[in-house]
Amino acid sequence: RESSAGTSQLSRRAEAMPSTASSLVALASSVRIASRPTLVLVHGLDSSRETWSGTLSALLARGYPAISLDLRGHGESALGNPAGFSAEALARDVIEATRAHGIERAVLVGHSMGGRVAMRAAAMEAGAGVESCLFSAVVIEDMDLRPRPEAPPISEELEAVCARFEALEGRRFATFESCRAALLPFYADEARVDSWRGTRVRQQADGSWWSDINPAAARLARDRVLATDDGFRAWEALASLSSLPFSLHVWHADEPGTVCALEGPGSVREMAARLPAAKVRCFAGAGHSVHNTAAEEFVEALCGVVDGQCQ
């Protein structure tokens, strides 16, 4: 009986205690399931994701999910095989990197040369239709369709320096001075190179200096992206569709800061004429890097684009 009574008491006690599962309480955290599309920010020539640091901070403070990417050969991304460097390869990198981050709906923003990459990525995704297309909006920041000049010829000595930069670890230097010396032959503006210290050329935890700036990638970008007619071809591919699965925005800086032609072949006006669905906007008083020279207005505009996809 004692054994029986003891068992009975344990049973009653067990019945009075809630199960582990039912006693759990869901906890709030800083993680949010994105109800808005994620902004994917792509930099331009001689740049890296660092250029978007202020934009990212402002967007995240307002609750808009965003990431920035280093294009191949730029920032901390590997160059890969130089023979495969092209607008299509860069665009495919961006698409796959976006999906690899678990992003299902994105607003793609490309600045300058990154705008050309965004045009190609938009053309690649547009044919997928609304249900499958990764992008809900695409923003081109200060880039038109005109081919730019190819990179100028360089000496065999500088070719050897470029070869160093092709390797990922070739962008690491013992001192800022040694990095500066390697960059100056390609960028004659000493003040510009010095301005990169602490941002695009920065010291690492081990004391070495890392260069986001890569002359080898810059030369490839000039020759294989900016100097080509890929902008025209991507825009024509978009214009050939009966409708676009995303909203398309062409934003440009004000004169004299803009690198866009406002009139003539390949100009902003021609872009709008060929593709009337594109929404053109000039940021008054802004320089080429609209996101840095008209930061508040730019972020406000980006939030408006995102909000437009949530209605």
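These numbers come from a predicted model, not from an experiment.

**Q** Give a description of the overall build of the protein chain that names residues and reports values.
**A** Secondary structure summary: the protein chain contains 13 helices and nine strands in total. Once the C-alpha set of the protein chain is aligned to its principal axes, its extents read approximately 100 × 55 × 35 Å. Within the protein chain, the fraction of its 311 residues that count as buried is 48%. Surface exposure of the protein chain reaches about 15200 Å², of which carbon and sulfur atoms provide 52%. Seen as two clouds, the 31 positive and the 39 negative side-chain charges of the protein chain have centres 6 Å apart.

**Q** Give a description of the pairing of strand 9 (residues 279-283) that names residues and reports values.
**A** When strand 8 (residues 247-253) meets strand 9, the two strands line up parallel, connected through five bridges. Across the sheet, residue A253 finds its bridge partner in strand 9, namely F283. Regarding the hand of the β-α-β motif, the stretch spanning strand 8, helix 11 (residues 268-274) and strand 9 is right-handed.

**Q** Tell me about the pattern of salt bridges, and name the residues and values.
**A** Under the counting rule described, the total for this entry stands at 24 salt bridges. Between D144 and R148 there is a salt bridge, and its shortest N-O distance comes to 2.6 Å. Residue D144 is classed as buried on the basis of its relative accessible area, which comes to 0%. Using a relative accessible area of 18% as the deciding quantity, one classes R148 as buried. A salt bridge links R233 to D229; the nearest nitrogen and oxygen atoms lie 2.9 Å apart. Here R233 falls in the partly exposed class, since its relative accessible area comes to 46%. Residue class for D229 comes out partly exposed when judged on its relative accessible area of 39%. Within the structure, one salt-bridge network assembled from shared partners comprises R49, D70, E76, R202 and D212.

**Q** Requested: an account of unusual backbone geometry, with residues and values cited.
**A** Cis geometry marks the peptide bond from E255 to P256; its omega dihedral reads 5°. Looking at the secondary structure, you find P256 in the loop between strand 8 and helix 11. Backbone geometry at D46 places phi at a positive 55°, although glycine is not the residue there. Mapping D46 onto the fold places it in the loop between strand 1 (38-42) and helix 2 (53-61). Given a relative accessible area of 5%, D46 falls into the buried group.

**Q** Which residues make up the sheet that holds strand 1, and what values go with them?
**A** The sheet built from six strands is open, its strands ordered 2-1-3-4-8-9 with parallel pairing. Two strands in the sheet have a free side with no partner beyond their single neighbour: strand 2 (66-69) and strand 9. On average, each strand axis in the sheet is inclined to that of its neighbour by 20°, with strand direction left out of account. Pairing of strand 3 (residues 106-111) with strand 4 (residues 135-141), which is carried by six bridges, proceeds in the parallel orientation.

**Q** Got a sec to walk through the confidence of the model for the protein chain? Specific residues and values, please.
**A** On average, residues of the protein chain score 92 in pLDDT, and 90% of them are at 70 or above. In the model, residues 1-14 has pLDDT below 50 throughout and makes zero contacts with residues more than four positions away in sequence or in other chains.

**Q** How would you summarise the environment of P147 if you had to cite specific residues and measurements?
**A** You can see P147 is positioned in the loop between strand 4 and helix 6 (156-166). When its relative accessible area of 42% is taken as the criterion, P147 is described as partly exposed. The spacing of P147 and V306 is 159 residues in sequence and 30 Å in space, taken between C-alpha atoms. When residues no more than four places from it in sequence are discounted, the contact partners of P147 are R116, L226, A227, T228, D229 and F232.

**Q** Describe the packing of aromatic side chains, listing the residues and the values that go with them.
**A** Throughout the structure, instances matching the rule amount to seven aromatic pairs. Relative to W196, the ring of Y187 lies with its centre 5.3 Å away and its plane at 85°, an arrangement referred to as edge-to-face. Here the two residues Y187 and W196 agree in accessibility, since each one is buried. Counting every residue linked through ring pairs, the aromatic cluster contains W52, W251, F283 and F298. One Lys or Arg, R164, reaches over the ring of F173 and ends 3.9 Å from the middle of that ring.

**Q** Hey, could you go over the sheet that holds strand 7 (residues 209-211) for me, with residue numbers and the actual values?
**A** Reading across from one edge, 5-7-6 is the order of the three strands in this open sheet, with antiparallel pairing throughout. Single-partner strands in this sheet number two, and they are strand 5 (172-173) and strand 6 (201-203). Pairing analysis gives two bridges linking strand 5 to strand 7, with the strands arranged antiparallel. Each bridged residue has a counterpart across the sheet, and for R172 the counterpart in strand 7 is W210.

**Q** Before we move on, could you go through helix 13 (residues 295-309) and cite the residues and values that matter?
**A** Taking 1.5 Å of rise per residue, 15 residues should cover 21 Å, and helix 13 covers 22 Å from first to last C-alpha, within 8% of that figure. Listed as buried for helix 13 are F298, V299, A301, L302, C303, V305 and V306.

Cut-offs and rules
- Residues numbered from 1 in each chain as written.
- Predicted model: local features only at pLDDT ≥ 70, side-chain atom pairs only at ≥ 80, totals over all residues.
- Heavy atoms only, no water.
- Helix = DSSP H or I, 4+ residues; strand = E, 2+ residues; numbered from the N terminus.
- Buried < 20%, exposed > 50% of the residue type's maximum accessible area, 1.4 Å probe, protein only.
- Areas by Shrake-Rupley, 256 points an atom, 1.4 Å probe, with all protein chains shown as cover.
- Lys, Arg positive; Asp, Glu negative; His and termini not counted.
- Charge placed at Lys NZ, Arg CZ, Asp CG, Glu CD.
- Pairing = 2+ DSSP bridges.
- Right-handed = clockwise from strand over helix to strand, strands pointing away.
- Salt bridge = Lys/Arg side-chain N within 4 Å of Asp/Glu carboxyl O.
- Axes fitted to C-alpha atoms, helices over the stretch in contact; angles between N-to-C directions.
- pLDDT = per-residue confidence, 0-100.
- Contact = heavy atoms within 4.5 Å.
- Phe/Tyr/Trp six-rings, centres within 6.5 Å; stacked < 30°, edge-to-face > 60°.
- Lys NZ or Arg CZ within 6 Å of the ring centre and 35° of its normal.
- Expected span 1.5 Å × (residues − 1).

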